[in-house]
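Given next are the chains, with one letter for each unit.
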Amino acid sequence: MQFIIDCWNSVMGDPTWFYLITTIAKLALMFILLLLFVVLSVWIERRIAGWIQDRPGPNRTGIPIHLLQRFGSKEKQPLKKWLEYFGVPANSWIAKLCTWLRLDREIPLFGLIQPMADGAKLFLKQEMTPSYVRKGFFIAAPMFVLGPPLIAAAVLPFSSSVDTCYGAINMCVANLNIGVLWIFAFSGLSVYGLTLAGWASNSKFPFIGGLRATAQLISYEVAMGLSIIPLLMMFSTLNLQEIVQNQAENGWTLVPLWGEGLSLQRWVLLLPMCISFLIFVTSVFAEANRTPFDMAECETDLVGGYHTEYSSMKFASFFMGEYVAMVVGSALVITLFLGGWSIGLGADVCLADWAKAAAITGSDQAATCWQSILGCCAGWIVVLLQFVAFIVKLVAFVFFFVWVRWTLPRFRFDQVMKLSWLVFFEIAVINILLTAAILYFIQ
Amino acid sequence: MSYTPIKRPKFSLADRIYIVAIAKGLCRTFKHLVLALTRRSRHREDFNSKGIGLCMPFPEQRWDERLPEYYRGAPTLVRGEDSRERCVSCQLCEFICPARAITVTPGEVDPASPCAKQEKAPKEFTIDMFRCIYCGMCEEVCPEQAIFMSQEYLITLTDRDKGIRDKETLYKLGGVRKGLVNKWNDHK
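An account of the accompanying structure is given in this report. Keep in mind that this is a model prediction, so the values were computed, not measured.

**Observations regarding the environment of A:Tyr323**
Residue and element names in this part refer to chain A.
Link 1 in the chain: In this fold, Tyr323 is placed in helix 13 (residues 312-337).
Link 2 in the chain: With relative accessibility at 5%, the residue Tyr323 sits in the buried group.
Link 3 in the chain: Every residue in contact with Tyr323, bar those within four places of it in the chain, is listed here: Val38, Ser41, Val42, Glu45, Arg290 and Arg405.

If you want it as structure tokens, here you go:
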């Protein structure tokens, strides 16, 4: 036991190993989180689509009990047996509740595993590669769609940093000083997937879909990049962790209600920030190829869009790529405008102070057992709370994405282009000048 | 003038920047969401729905009593009120069937039986429910009013062999119909 602890101490004491191990752990956490969110957002999408259209959505998918029978259980109605075993009469309210929960048929999960069922279905489907496609690109395209958003997510901070006895862990996979640029670069890369898919399919409608995706992405990348500049001017940093830290201390970009956020300058800056927010969110919608901007897969005029020729898991990876882009996009909006992991109302600063104080009391010789445990855990508790805040915000924003999808009809392609080049571009440029003026004149 | 130009409405700036309209739309859909979840959707009573929104959760709540009269379910064979087999195995349904689901093997009627006048009756009559597309052409083409579309819509099989329905099954499902065909009566 002592040997293991010594080993651990020596490994973690080395800064390189410490960095490597924590980074891999964070990487795994972020990856799992994103993929879970993809699955969850499919479920959220379908359920909310249902509710908005006055129907339940997929609420039935559970683990059917007859599967158990397949695996050897001869019992036809395990529920009845279990009720008898616990001595519950068949017409009591407990039995009725169990029946209402469909426990007699399945282990209910309220449709939560519907995405898994869908995934399994897609996995088992026949993989068709038409003879006329350009094979290499055809196979590479889905990877180009799925990969870049996952890489882009590396710079998203999902919690603040925590001090351990081996050093500080920054809760963000790669704490890059060019975080915002990194995200733009990689989210822009994902369009290569769509373009390649459209082109390699060697078929006219997918080709038009791919072209549309390219045109749309270039247009909205411009608007997106310009819309974010006022924000970067305000925070004067490109590091996402620092941006969030700043927001935690001085009020979220859109909710400046504490710290320095109460100054006149911040309140006047709220106008350009709101404009930035509108342009940025719209551009994120366009970038993630979501309705009302899903021109690239507009099934009414393009058969299926860029993925017409795809089937089975290749098709599914396009689908997943789209959802990953959506999740990463929402996370980015939250990080930049809604305080990222920050709990809000100055609570982050208080919690950080509390954690520090607890650590000092805990390391004291005179500390009780309880105090020393708290001293060790306080930092982690704060980080966990902030992580929960991040997740809650992320779910809320994913809900918003879905909500918009089932409200707005698709734009026409010329309208999409017009909106970007004739409206957003100009407004974003003016917005930059406005922010500069405010920053210069109102101190 | 052969055409009248449509007068396009002039949109104000507020209309053209969409934001108000989008907000209104979002409110409308959110209202539907909340009403569906709190089980207060509009026209819910009309449907007598027990699920979320306007849905009738299918296996628990059926809409059988709402089936329209013209609903086309599984095709069945019927007997007359004198329990006469109406089918005279003319095979018109077999020929018209676009999915080739029907197979008729004609047979003779026993001269001693009360409906000997019709001379022919099917020896075998099978409908392959895996092929049937419920188009109702067999019912339409039948000169003897012998084949009818029933209102049975729930054809869920656990056994492939049960998908091919033979004469007995079809007669059992079809039952007895009254009136309409009297030309094989002895008095005529």
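**Some words on the pairing of strand 4 (residues 167-170) of chain A**
Looking along a regular strand, one sees side chains alternate from face to face of the sheet.
Residues and elements named next belong to chain A.
Link 1 in the chain: In this structure, strand 3 (residues 161-164) lies alongside strand 4, joined through four bridges in antiparallel fashion. Its bridge partner lying in strand 4, Thr164 is registered against Gly167.
Link 2 in the chain: Linking strand 3 back to strand 4 in an antiparallel pair, the connection comprises two residues.

**Observations regarding the nonpolar core**
Residues and elements named next belong to chain A.
Link 1 in the chain: Counting 86 residues, the largest nonpolar core has Leu156, Ile228, Leu240, Phe280, Phe293, Leu336 and Phe337 as its most contacted members.
Link 2 in the chain: Among the elements that make up this core, the one with the highest residue count is helix 2 (residues 15-52) (12 residues).
Link 3 in the chain: Apart from the residues lying within four places of it in its own chain, the contact partners of Phe337 are Ile228, Leu231, Gln247, Trp252, Thr253, Leu254, Met273, Ser276, Phe277 and Phe280.

**Structural notes on a nonpolar patch on the surface**
Residue and element names in this part refer to chain A.
Link 1 in the chain: A grouping of Ile218, Trp421, Leu422, Val423, Phe425, Ile427, Val429 and Leu433 is seen on the molecular surface, where their side chains present a nonpolar patch of about 670 Å² in accessible area.
Link 2 in the chain: By residue number, the principal contributor to the nonpolar patch is helix 16 (residues 413-441), which donates seven residues.
Link 3 in the chain: As for its position among the elements, Ile427 is in helix 16.
Link 4 in the chain: Residue classification places Ile427 among the partly exposed residues on the basis of a relative accessible area of 34%.

**Looking at the pattern of salt bridges**
Link 1 in the chain: Scanning the entire structure with this criterion turns up seven salt bridges over all chains.
Link 2 in the chain: Across the pair B:Glu85 and B:Lys167 runs a salt bridge whose closest N-O atoms are separated by 3.7 Å. Remark: B:Lys167 occurs in helix 6 (residues 167-174) and B:Glu85 occurs in the loop between strand 1 (75-77) and helix 4 (92-96); sequence separation between them is 82 residues. B:Lys167 shares its class with B:Glu85; the two are buried.
Link 3 in the chain: For B:Arg165, the salt bridge is made with B:Glu152, and the minimal N-O distance between the two is 3.1 Å. With B:Arg165 in strand 5 (residues 164-165) and B:Glu152 in the loop between strand 4 (147-149) and strand 5, this residue pair connects regions lying 13 residues apart in the sequence.
Link 4 in the chain: The exposure class of B:Glu152 is partly exposed, given its relative accessible area of 23%.
Link 5 in the chain: Residues joined by salt bridges that share partners form a network here, namely A:Glu45, A:Arg290 and A:Arg405.

Quick notes on the rules
Residues numbered from 1 in each chain as written. Chains lettered and ligands numbered in written order. Predicted model: local features only at pLDDT ≥ 70, side-chain atom pairs only at ≥ 80, totals over all residues. Heavy atoms only, no water. Helix = DSSP H or I, 4+ residues; strand = E, 2+ residues; numbered from the N terminus. Buried < 20%, exposed > 50% of the residue type's maximum accessible area, 1.4 Å probe, protein only. Contact = heavy atoms within 4.5 Å. Pairing = 2+ DSSP bridges. Core = buried A, V, L, I, M, F, W, Y, C linked by side-chain atoms within 4.5 Å. Patch = residues over 30% accessible without salt bridge, like charges linked within 9 Å, V, L, I, M, F, W, Y side chains within 5 Å. Areas by Shrake-Rupley, 256 points an atom, 1.4 Å probe, with all protein chains shown as cover. Salt bridge = Lys/Arg side-chain N within 4 Å of Asp/Glu carboxyl O.

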